[in-house]
Amino acid sequence: MRKAPSRIPEASLVKIAIPLPDSMTSLFIVAMEHVPFDVKSFVPWRIGSTFRRAAITSTANGTLTVTHHPTPWRPIGTALTNDERHRLRRTRHHVVISSTAPPHKLPTTVQVARAAARALARECDGLLIDPLTSSTILTCGRCPGEPAGFSLDDDWLSWDAQVHDAATCPPCGPADLGACDCLRVISQGLRRFALPEITIDGAACAHSLCATNLLRTVAGRLLADHLSYLAAHPEAGDREIDDFLRIQPSDQPDGGLPFGVRLTPYDADVGGLGRTGTIRRLKIGPAPGSGRISCLKVGPPSGFTGSLNDWLCARQTTHHATLTSIDCHPPEPSRALAA
């Protein structure tokens, strides 16, 4: 019978400094076949009432810009379906909707920008693409517009699951999950909010869903705390967070028992899977040596004697967890893992 992990002290031993930029830029792409009107006159007047006033103000002060390019948009590293790629090949124009504002204006600024992109895509029957999450956003006539309230689950985050190139995964065997450690899952989208991306590295392929659900819960808690801090400290140039994060039942969709997550610096480019070889990934963070934390790695706590897969299994089967180790690294990281 698998032993549940022991509880780990919650006292934080290390502070992790997260630099905060003076301003953040977030953009969305709308690719279309034809542009039947002047896009600059369309935005912001045709945006839904929830964000119209903010869009008018942002357009007037230059923090929200709309730029028409009479050329097709060329995707780089974007995960599109075959149907979406077919639609993209038929387009002849693309419009870039960009929002630039200080971090303490989040998340309203990015909501306004996406609301403008949604309205434009719907009017032009265009394809709305979020380059940061490498995904598209539905804009059909019956699809809901930009939600008034903010939720990270509203397509603000995506996940990319990468498998170690040299890995030869054995057949799935619940009793021998330790034989596979080739999975890395990374978030894609947290840096839009001046946060590091987060990752779990070295799990079994069979745990991809479990690993992603864990990361999603951690991301939600990290962002909620971060937005509260930014609102309370609009002039801050950096933020220090504890290396221990306590996840409460209210942070979890199913209201599970509390568990802990440990945060430690992590460099996505310096190994970490326990097997030799390379890892296919798209680097979306700052260059090495910049001193900016760009990724957080999730793994078992220091007091847990089993493997990462033992920890994932124990957490899943007992529906309660203890500490996880999330690592944040300073170099250029990231590749987002989707599951």
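Refer to the structure presented above.
Predicted model, so just to flag it, every value in this text is computed and none were measured.

1. Describing the side chain of Glu146
Move 1: Structurally, Glu146 is set in the loop between strand 6 (135-137) and strand 7 (158-163).
Move 2: Owing to a relative accessible area of 12%, Glu146 belongs among the buried residues under this scheme.
Move 3: A polar side-chain atom of Glu146 sits 2.7 Å from a polar atom in the side chain of Arg118.
Move 4: Residues in contact with Glu146, not counting those within four places in the same chain, are Phe51, Gln111, Arg114, Ala115, Arg118 and Trp156.

2. A look at the pattern of salt bridges
Move 1: Summed over the entire model, instances satisfying the criterion amount to eight salt bridges.
Move 2: A salt bridge links Glu146 to Arg118; its shortest N-O distance comes to 2.7 Å. Of this pair, Glu146 sits in the loop between strand 6 and strand 7 while Arg118 sits in helix 4 (residues 108-124), and the two are 28 residues apart along the sequence.
Move 3: Looking at Arg118, the relative accessible area reads 11%, which means it is buried.
Move 4: Between Asp251 and Arg221 there is a salt bridge, and its shortest N-O distance comes to 3.0 Å. Within this pair, whereas Asp251 is found in the loop between strand 11 (244-247) and strand 12 (259-264), its partner Arg221 is found in helix 5 (residues 208-232), the two being separated by 30 residues in sequence.
Move 5: Look at Asp251 and you get partly exposed, because its relative accessible area is 23%.
Move 6: In the salt-bridge network here, residues are joined through shared partners; they are Arg114, Arg118 and Glu146.

3. A look at the packing of helix 2 (residues 49-61) against helix 4
Move 1: Their axes nearest at 9 Å, the elements helix 2 and helix 4 cross at an angle of 105°. The angle between helix 2 and helix 4 falls in the class roughly perpendicular. In this structure, helix 2 uses Phe51, Ala54 and Ala55 to contact helix 4, whose residues at the interface are Gln111, Val112 and Ala115.

4. Focus on the sheet that holds strand 3 (residues 64-69)
Move 1: The strand order 3-4-2-5-6 describes an open sheet built from five strands, whose pairing is antiparallel. Edge strands, defined here as strands with exactly one partner in the open sheet, are strand 3 and strand 6. In this sheet, neighbouring strand axes are inclined to one another by 30° on average, regardless of whether the strands run parallel or antiparallel.
Move 2: Both strand 2 (residues 24-32) and strand 4 (residues 93-101) contribute to a ladder of nine bridges, which runs antiparallel. The partner of Leu27 across the bridge, within strand 4, is Ser98.
Move 3: Packed onto the sheet, helix 3 (residues 82-90) meets strand 2, strand 5 (127-130) and strand 6 and runs at close to 110° relative to strand 5.

5. Details of helix 2
Move 1: Between its first and last C-alpha atoms helix 2 spans 19 Å; for 13 residues at 1.5 Å apiece the expected length is 18 Å, and the two agree.
Move 2: Along helix 2, the residues that are buried comprise Phe51, Ala55 and Ser58.
Move 3: Buried residues belonging to helix 2 abut strand 3 and helix 4.
Move 4: Where helix 2 terminates, the next one or two residues include Gly62, which has phi positive at roughly 85°.

6. Let's talk about the packing of aromatic side chains
Move 1: Under the criterion given, the structure shown has four aromatic pairs.
Move 2: A ring pair is formed by Phe28 and Trp156, whose centres lie 6.3 Å apart and whose planes are at 70°; its orientation type is edge-to-face. In this pair, Phe28 is assigned in strand 2 and Trp156 in the loop between strand 6 and strand 7, connecting sequence segments 128 residues apart.
Move 3: Judged by relative accessible area, which is 0%, Phe28 ranks as buried.
Move 4: Note on Trp156: relative accessible area 1%, which makes it buried.

7. Some words on the nonpolar core
Move 1: In this structure, Val30, Ile47, Ile97, Leu120 and Ile198 are the most contacted members of the largest nonpolar core, which totals 59 residues.
Move 2: It is helix 4 that provides the largest number of residues to this core, a total of 10 residues.
Move 3: Leu120 has contacts with Val30, Met32, Phe37, Val39, Phe42, Val95 and Ile97, leaving out every residue within four places of it along the chain.
Move 4: Ile29, Ala31, Leu80 and Ile129 belong to the second-largest nonpolar core, a separate cluster that totals eight residues.

8. Side note on the environment of His104
Move 1: Its location among the elements puts His104 in the loop between strand 4 and helix 4.
Move 2: The sequence separation of His104 and Ala194 amounts to 90 residues, and the corresponding C-alpha distance is 9.9 Å.
Move 3: Every residue in contact with His104, bar those within four places of it in the chain, is listed here: Leu230 and Pro234.
Move 4: At 3.3 Å, the side chain of His104 and the backbone oxygen of Pro234 are in polar contact.

9. Topic: the pairing of strand 1 (residues 15-19)
Looking along a regular strand, one sees side chains alternate from face to face of the sheet.
Move 1: The side-chain alternation of strand 1 yields one buried face, formed by Ile16 and Ile18, and one unburied face, formed by Lys15, Ala17 and Pro19.
Move 2: Sheet topology note: the strand 1/strand 10 (residues 238-242) ladder contains five bridges and is antiparallel. If you follow Pro19 over to strand 10, its bridge partner there is Asp238.

10. As for the environment of Phe244
Move 1: Positionally, Phe244 belongs in strand 11.
Move 2: Put simply, Phe244 and Lys15 are 229 residues apart on the chain and 9.1 Å apart in space, counted from C-alpha to C-alpha.

Definitions and limits used
Residues numbered from 1 in each chain as written. Predicted model: local features only at pLDDT ≥ 70, side-chain atom pairs only at ≥ 80, totals over all residues. Heavy atoms only, no water. Helix = DSSP H or I, 4+ residues; strand = E, 2+ residues; numbered from the N terminus. Buried < 20%, exposed > 50% of the residue type's maximum accessible area, 1.4 Å probe, protein only. Polar contact = N/O pair within 3.5 Å; in protein donor to acceptor, adjacent residues only side chain to side chain. Contact = heavy atoms within 4.5 Å. Salt bridge = Lys/Arg side-chain N within 4 Å of Asp/Glu carboxyl O. Axes fitted to C-alpha atoms, helices over the stretch in contact; angles between N-to-C directions. Parallel < 35°, antiparallel > 145°, perpendicular 65-115°, else oblique. Pairing = 2+ DSSP bridges. Expected span 1.5 Å × (residues − 1). Phe/Tyr/Trp six-rings, centres within 6.5 Å; stacked < 30°, edge-to-face > 60°. Core = buried A, V, L, I, M, F, W, Y, C linked by side-chain atoms within 4.5 Å.

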